[in-house]
Amino acid sequence: MGDASSQAPHDRDSTRISPSGPGGNGKLPALEQRETSRGIAYVRQVSFPLSRRHGRMPLGDLRWVQPGGLSLLTRDPAVKPMRPADALFLDIETTGLMTGAGLLVFLVGLGYIRGNRFVVEQHFLKDPANEPAFLEAILDRWEDFGGIVTYNGRRFDRPRILDRIQFQRLNRSVPDGYHLDLFSLARRVWRGEFDSLSLVDLEAGLLGYVREDDMPGALCPAAYAAYLRGDEGPIRDVFRHNLEDILSLAVLLIRADRVSHSPSGPYEEAALAMGLEDAGKVSDALALYGSALKHLPSGLPTRGHRRRAAALYRRCGEIGRASEIWDELWKEGDVRSARQLAIALEHRFGNLKRAEQIAREALRFMQDRDARGSRALRDWEKRLARIRKKRAALRQGPARGRSR
Amino acid sequence: GQIIVTNPYMLHTGILPNHPKWTNLFQSLRYVVIDEIHSYSGVFGSHVANVIRRLRRVASHYGSEPQFITCSATISNPKSLSEELVGLPMELIQRSGAPRGEKEFILYNPPMVEPSIGLRANHLEEVRRLAGTFADLGLQTIFFVRTRSQVEVLTRYLKELYERKGWPPDRVRGYRGGYLPNLRREIESGLREGTVLAVVSTNALELGIDIGSLDVCVLGGYPGSLSSLWQQAGRAGRRSGRSLVLMVGKSNAIDQYIMSHPEYIFDGTPEEVRIHPNNPLILTNHLKCSAFELPFRKGEPFGDLPPEEVSEIVRYLERTARILTERGGVHYWTAPFYPAEGVSLEATDLDNFVVHDAETGAAIGTVDRPSAPFLCHEGAIYGVQGEIYQIESLNYDSRVARGRRTDVDYYTEAEGSTEIQILHEDREARGDSVVFYQGDVFVSTQAILYKKIRFYTRENLGAAPIRLPPEEMDTTAFWIVIPRLVAARVGLYDSHGGGALLGVGHLLRRCVPLFLRTDPADVRLATEIVSKKYDSPCIYLYDRYPSGVGLAEKAFEVRGAILEVCRQIVAECPCKSGCPACTGTPMEVGPRGKALSRSLIETLI
């Protein structure tokens, strides 16, 4: 397995991957042969120096990633022992998104640091009849690592590979180890901030890298059919797409790591706050929530974040702070927060007048939404009735009223 | 697990497409037992035969060749049906081990109300009367009726009856295929536990599901086949003790024929069950599914389908449908979807409408596309468990209907018209005066209007149009061409000739199930006084399912016997000039309709 540096596209800090390369346009990239216990596997290998940047970030920064922080963000303790310099980035291309015996995995990209280079091996199913060899070669490489980093690999990449291993009855399973799925992490951290969390969109929005002439994922399945029929043009584009995916995964990991020690912007702060809260680090969490909320009204964290922040404030006794947040949320139509606010006003602040006002508003809100018969609606009706009774009792005179 | 109990649907969409997850099962598969194979008839049976082909193919891939064992109720061709379903030679073992308690069988013909027009009391009313008696005696009773709407009507009647007697109306339950699964499970366990005293059902409760042993079984009309009749009758007194089976005759030809020829039930030959696994639509769909499961190699057969025919379909899937791609003699699945989802085992076309409650948004039932223009058009009354909904909107393109609970006192019945074009004549036989054909036709059916019919009085309250697209398909048919001279001699060009033609056609259609196990609704009728192709009157009997499943072919083969039974029915009917039990009422076929039909039948024989 030689270092194919003579085939590496560029050695400078350019951010573009050349579409042409050995083999010329319109043909399969050059593949080396690899021996396995089930025959010959075909792999394309490229490598980059660690100074190479993808989306402004040098690949070499992988060496400084702190798995402890990542495990906090993902709430996955299995990630802690990960050594980022020793991580295997994995991304597959298939003939479709369905499950079942008819789905083929035809390209598996594996990325990792070796020495002072970042290597990407692309295992290609040159002939479906040689699938056992293809799978063996992938598993052989995978076993060298403590775990994998993927994007939605938990629901897609890993199970599909397992399916093919089962179909071919290899009597071998995928290696154990950690599995850091950056898609779950992205959802936790950046969901409110970006409309789309696809890898390509995050790459552009977060890392500032825009691909040129990238083959859309939806066209990859058809490219394999075309290749089998003798047209090798489209499949080249799939190789390139897969290569960019692997590099993106790597720098996304670096970027995610940064969130855990220097979050920027309200979303990252709120996400880290939630992770800290779940790990029991309450005061750190509170500080970060406070910082996140300062960004209101522009650049807001999501409602979910704000509700969590308010809940934490309430738990820590800062009802006033919590109520401010609930008040803002109710102004935006979040009736769950209205409920919290009404409860606080009625039972903690004794402000029955405002509590009644909130209850009336909320009831009208629910009725307008045709929530007839729902439990929440009845809950509001009861609350309103109870508050009115209390206020009426108070007006009779303190001796006969009950304020609680 | 050592034993897997499953059904064709699960095999089709769950197990076979994901067979690598079932490696242990397939590697050690020894026996496959298929129960109730007499129910695998027509389209459904044709699909299941193909699922079995796929099963054998997958098992063989894992090195297994299981032994097949099939079980059937009484039909005339258990061996050949099994062989067609399984694709292997089978040996018949005939011996029944089922315990039988004493069973009394009553054939009850409702009283004649107006003999000259052959009008008998309505069979559903008679059933309703009897229901009161059985309920008074605390006898757990099952009522089998023919159609889903009859289930709704009778359930409603019975609930009202129970209410009037001061009993809880929920001890009466209706049951049919369109109900959602939770509801059906609830009713089944209510029957087993005895909390449900009366259940009204279509043939959905005929087989399989354990509902315990009931005291009485009432059949609202002949169920359409002897095997169904005995299955339904078997719901009473399964294990021991006395039980009663009571069949109430409807005022139609078959029921009346049986009422006067009870030997048909007790001594007659059971029907044949026909399937057509090589129906091109059905076969291609399953070959597609099989190609997803395992790539096809050059020269591979599929069940008993020879390699050349497999190749032809594989070539189509590769070149035209672009679903498979060949490499090194092997055809791989390269399309980005999973085929079994789009293949229904009950139709040749998966296309169901869902009916939603307009108030709650919940789904309340499903209707297959060909039936939708007739059952859930706008304005239709649609029933679930005796609850009436009126369909207020139907979005044909998105296959969604919305119904609102209503209290109206009527139900609806839709009517339509059908046009036939001859595509190809496969077989021809010349009778003495007429010509018989069997071949392929193009059928276009249009729902036209619906009538509103008041409950109980059955008054016609008016009609309204239905504006929905026609249903079109190619299928197989059996048709009779009556030369113009003959037609003139018989009187078909007289003012009511069209009605007589229709009456004879219906009679023919209704007699097909006496020879072939089929749901009578699967054989359809169309007539023309002037057919485009032959310029003469024609009667067409066609398969309801696209590309046909063998019904029209069988009808062509037994045409002599069918015509003879029709002749007997008309000759023996006591009515003067036509009634629903023979050719139709004088209103439908004209004052001379019966005589006209009689002479027509004579010429057909």
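Refer to the preceding data block for the structure.
First things first, this report covers the structure right here in the doc. The structure presented is a predicted model; accordingly, all values stated were derived computationally and were not measured. (Residues numbered from 1 in each chain as written. Chains lettered and ligands numbered in written order. Predicted model: local features only at pLDDT ≥ 70, side-chain atom pairs only at ≥ 80, totals over all residues. Heavy atoms only, no water.)

## A short note on the packing of aromatic side chains
The full count for this structure, using the stated rule, is 28 aromatic pairs over all chains. Between Y112 of chain A and F145 of chain A the ring centres are 5.2 Å apart and the planes differ by 50 degrees, which places this aromatic pair in the tilted class. Of this pair, Y112 of chain A sits in strand β6 (residues 105-114) while F145 of chain A sits in the loop between α2 (131-142) and β8 (147-150), placing them 33 residues apart in sequence. Side by side, Y112 of chain A and F145 of chain A carry an identical accessibility label, which is buried. Between the aromatic rings of F26 of chain B and Y62 of chain B, the centroid separation amounts to 5.7 Å while the plane-to-plane angle is 20 degrees, which identifies the pairing as stacked. Here F26 of chain B, found in helix α2 (residues 23-27), pairs with Y62 of chain B, found in the loop between α3 (42-61) and β2 (67-70); they are 36 residues apart in sequence, far enough to count as distant. Residue F26 of chain B is classed as buried on the basis of its relative accessible area, which comes to 1%. Judged by relative accessible area, which is 6%, Y62 of chain B ranks as buried. Taken together, the aromatic side chains of F106, F124, Y224, Y227 and F239 of chain A make up a single cluster linked through ring pairs. (Phe/Tyr/Trp six-rings, centres within 6.5 Å; stacked < 30°, edge-to-face > 60°. Helix = DSSP H or I, 4+ residues; strand = E, 2+ residues; numbered from the N terminus. Buried < 20%, exposed > 50% of the residue type's maximum accessible area, 1.4 Å probe, protein only.)

## Structural notes on the pattern of salt bridges
Residues and elements named next belong to chain A. The tally for this structure, following the rule as stated, stands at 65 salt bridges over all chains. A salt bridge links R141 to D144; the shortest N-O distance between them is 2.7 Å. A salt bridge links E346 to R386; the nearest nitrogen and oxygen atoms lie 2.9 Å apart. Of this pair, E346 sits in helix α12 (residues 335-348) while R386 is found in helix α14 (residues 375-396), placing the two residues 40 residues apart along the sequence. Residue classification places R386 among the partly exposed residues on the basis of a relative accessible area of 34%. Residues joined by salt bridges that share partners form a network here, namely E32, R34, E121, R141 and D144. (Salt bridge = Lys/Arg side-chain N within 4 Å of Asp/Glu carboxyl O.)

## Description of the interface of chain A and chain B
Contacts between chain A and chain B engage 23 residues on the former and 25 residues on the latter. Summed over both sides, the interface between chain A and chain B buries roughly 1,900 Å², with carbon and sulfur atoms accounting for 54% of that surface. Linking chain A to chain B there are one salt bridge. One salt bridge in this structure joins K21 of chain B and D163 of chain A, with 2.6 Å as the shortest N-O distance. The interface formed by chain A and chain B contains nine residue pairs in polar contact (both at pLDDT 80 or more). Among the secondary structure elements, those contributing two or more residues to the side of chain A that touches chain B are α3 (157-167) and α6 (220-228) of chain A. In terms of residue class, the side of chain A that touches chain B is made up of 12 nonpolar, six polar and five charged. (Contact = heavy atoms within 4.5 Å. Buried area = accessible area lost by both parts, 1.4 Å probe. Polar contact = N/O pair within 3.5 Å; in protein donor to acceptor, adjacent residues only side chain to side chain. Nonpolar A, V, L, I, M, F, W, Y, C, P; charged D, E, K, R; others polar.)

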